[in-house]
Amino acid sequence: MLAMKNKKIYFASDFHLGIPNYESSLIREKRLVRWLDEIKADAEEIYLMGDLFDFWFEYKFVAPKGFIRLLGKIAELTDSGIKVNLFTGNHDMWMFDYLPKELNVTIYRDSIQREYNGKKFFLGHGDGLGPGDHRYKLLKWFFTNKTYQWLYARVHPNLAFSIANYFSRKSRIATGTSEDKFLGNDKEWLVTYCNEVLQKEHYDYFIFGHRHLPLDILLNEKSRYINLGDWVKYFTYAVFDGEKAELKTYNP
């Protein structure tokens, strides 16, 4: 239930800060901060739903440098009483306790279910869901393995971040070759996943990221699947005003 009238819940995903270079990443970071500053007047809760950073790994006493404008804005929001939720994505799954302690955010590593004003929401980053993508699902198991994380933390940060940044620069997102064509309901894995969930339980809205393509698909008479797109190309987000959720584009 929304606590106050005229308050809203906001959702955005896939910012990939850090690529393809410092200069363009900084421009997008400033745009994101401006959006957060504009919505704080009516935001009751904000969901940043994965791949906030193109790479993130926390050591016990070391965290990635940069992104100060964004981190400061999130701290300002939570200090003012706005609840901010972060989902780990496939690029920044190695978030641990630094951001919750410093920013007072809640981190989710799996999909969650919420209900607001009688509307049921199924929320997640969207990676590893639905049929197929077996190679990534195996990699995700490997990367979330505690032993592997411990071993990677033994690598000096200079080398560890150099390795990660090398692969980030080679990614489809950094090179601009990511697939942004709608494949049809029968071939979109997240659409298939939503329909499988609906066979067991009703949800009004499925909201995911990961796909990098803004989508608003009617699954049946009462259920919708919204993909949040990204903040690399589209600058799209969703907002729930207490009655309906809509996909919008941020044009400052």
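Here the structure is shown first, and the text comes after it.
Before going into details, it helps to say that this report is about the structure given with it.

Calculation criteria
- Residues numbered from 1 in each chain as written.
- Predicted model: local features only at pLDDT ≥ 70, side-chain atom pairs only at ≥ 80, totals over all residues.
- Heavy atoms only, no water.
- Helix = DSSP H or I, 4+ residues; strand = E, 2+ residues; numbered from the N terminus.
- Contact = heavy atoms within 4.5 Å.
- Polar contact = N/O pair within 3.5 Å; in protein donor to acceptor, adjacent residues only side chain to side chain.
- Salt bridge = Lys/Arg side-chain N within 4 Å of Asp/Glu carboxyl O.
- Buried < 20%, exposed > 50% of the residue type's maximum accessible area, 1.4 Å probe, protein only.
- Patch = residues over 30% accessible without salt bridge, like charges linked within 9 Å, V, L, I, M, F, W, Y side chains within 5 Å.
- Areas by Shrake-Rupley, 256 points an atom, 1.4 Å probe, with all protein chains shown as cover.
- Pairing = 2+ DSSP bridges.
- Axes fitted to C-alpha atoms, helices over the stretch in contact; angles between N-to-C directions.
- Parallel < 35°, antiparallel > 145°, perpendicular 65-115°, else oblique.
- Left-handed = near helix turned anticlockwise from the far one by under 90°.
- Nonpolar A, V, L, I, M, F, W, Y, C, P; charged D, E, K, R; others polar.

**Thoughts on the environment of Tyr-203**
Right, so step 1: As for its placement among the helices and strands, Tyr-203 is situated in the loop between α8 (189-198) and β7 (205-208).
Right, so step 2: In the structure, Tyr-203 is positioned 56 residues away from Thr-147 in sequence and 36 Å away in space, judged by C-alpha atoms.
Right, so step 3: Excluding residues within four positions of it along the chain, Tyr-203 makes contact with Gln-113, Lys-120, Phe-121, Phe-122, Val-197, Leu-198, Lys-222 and Ser-223.
Right, so step 4: A polar contact of 3.3 Å, which involves the side chain of Tyr-203, links it to the side chain of Glu-201.

**Quick look at the pattern of salt bridges**
Right, so step 1: Summed over all chains, the structure comprises 10 salt bridges.
Right, so step 2: Residue Lys-120 pairs with Glu-201 through a salt bridge whose shortest N-O separation is 2.7 Å. Taken together, the residues span a long stretch of sequence, with Lys-120 in strand β6 (residues 119-123) and Glu-201 in the loop between α8 and β7 at a distance of 81 residues.
Right, so step 3: Under the relative-accessibility criterion, Lys-120 is labelled partly exposed at 23%.
Right, so step 4: By relative accessible area, which is 36% here, Glu-201 ends up partly exposed.
Right, so step 5: Between Arg-211 and Glu-188 there is a salt bridge whose closest N-O contact spans 2.9 Å. Taken together, the residues Arg-211 in the loop between β7 and β8 (214-218) and Glu-188 in the loop between α7 (172-175) and α8 connect sequence positions 23 residues apart.
Right, so step 6: Members of the salt-bridge network, linked through shared partners, are Asp-37, Lys-40, Lys-73 and Glu-76.

**Comments concerning the environment of Lys-119**
Right, so step 1: Looking at the element boundaries, Lys-119 is found in strand β6.
Right, so step 2: Classification of Lys-119 as partly exposed rests on a relative accessible area of 27%.
Right, so step 3: Placed 110 residues apart in sequence, Lys-119 and Gly-229 show a C-alpha to C-alpha distance of 22 Å.

**Quick look at a nonpolar patch on the surface**
Right, so step 1: Taken together, Leu-159, Ile-163, Tyr-166 and Phe-167 make up a surface patch of nonpolar side chains, about 420 Å² in accessible area.
Right, so step 2: With respect to the helices and strands, the residue Ile-163 is situated in helix α6 (residues 157-169).
Right, so step 3: Assessed through its relative accessible area of 37%, Ile-163 is described here as partly exposed.

**Comments concerning the sheet that holds strand β3 (residues 83-87)**
Right, so step 1: Strand order in the open sheet formed by six strands is β4-β3-β2-β1-β10-β11, and the pairing between neighbours is mixed. Only two strands of the sheet have a single partner each, and these edge strands are β4 (106-108) and β11 (245-249). For this sheet, the mean inter-axis angle between neighbouring strands, taken without regard to orientation, is 20°.
Right, so step 2: Contacts between helix α1 (residues 22-39) and the sheet are confined to β1 (8-12), β2 (43-48) and β10 (236-240), with β2 contributing the most and set at about 155° to the helix.

**Considerations on the packing of α1 against helix α2 (residues 68-79)**
Right, so step 1: Interaxial distance between α1 and α2 falls to 9 Å at its minimum, and their mutual angle equals 15°. For the element pair α1 / α2, the angle class is roughly parallel. Helix-helix and strand crossings are classified by hand; for α1 and α2 the assignment is left-handed. Where α1 abuts α2, its residues Leu-26, Glu-29, Lys-30, Leu-32, Val-33, Leu-36 and Asp-37 lie against Ile-68, Arg-69, Leu-70, Lys-73, Glu-76 and Leu-77.
Right, so step 2: Grouping the constituent residues of the contact of α1 with α2 by class yields seven nonpolar, no polar and six charged.

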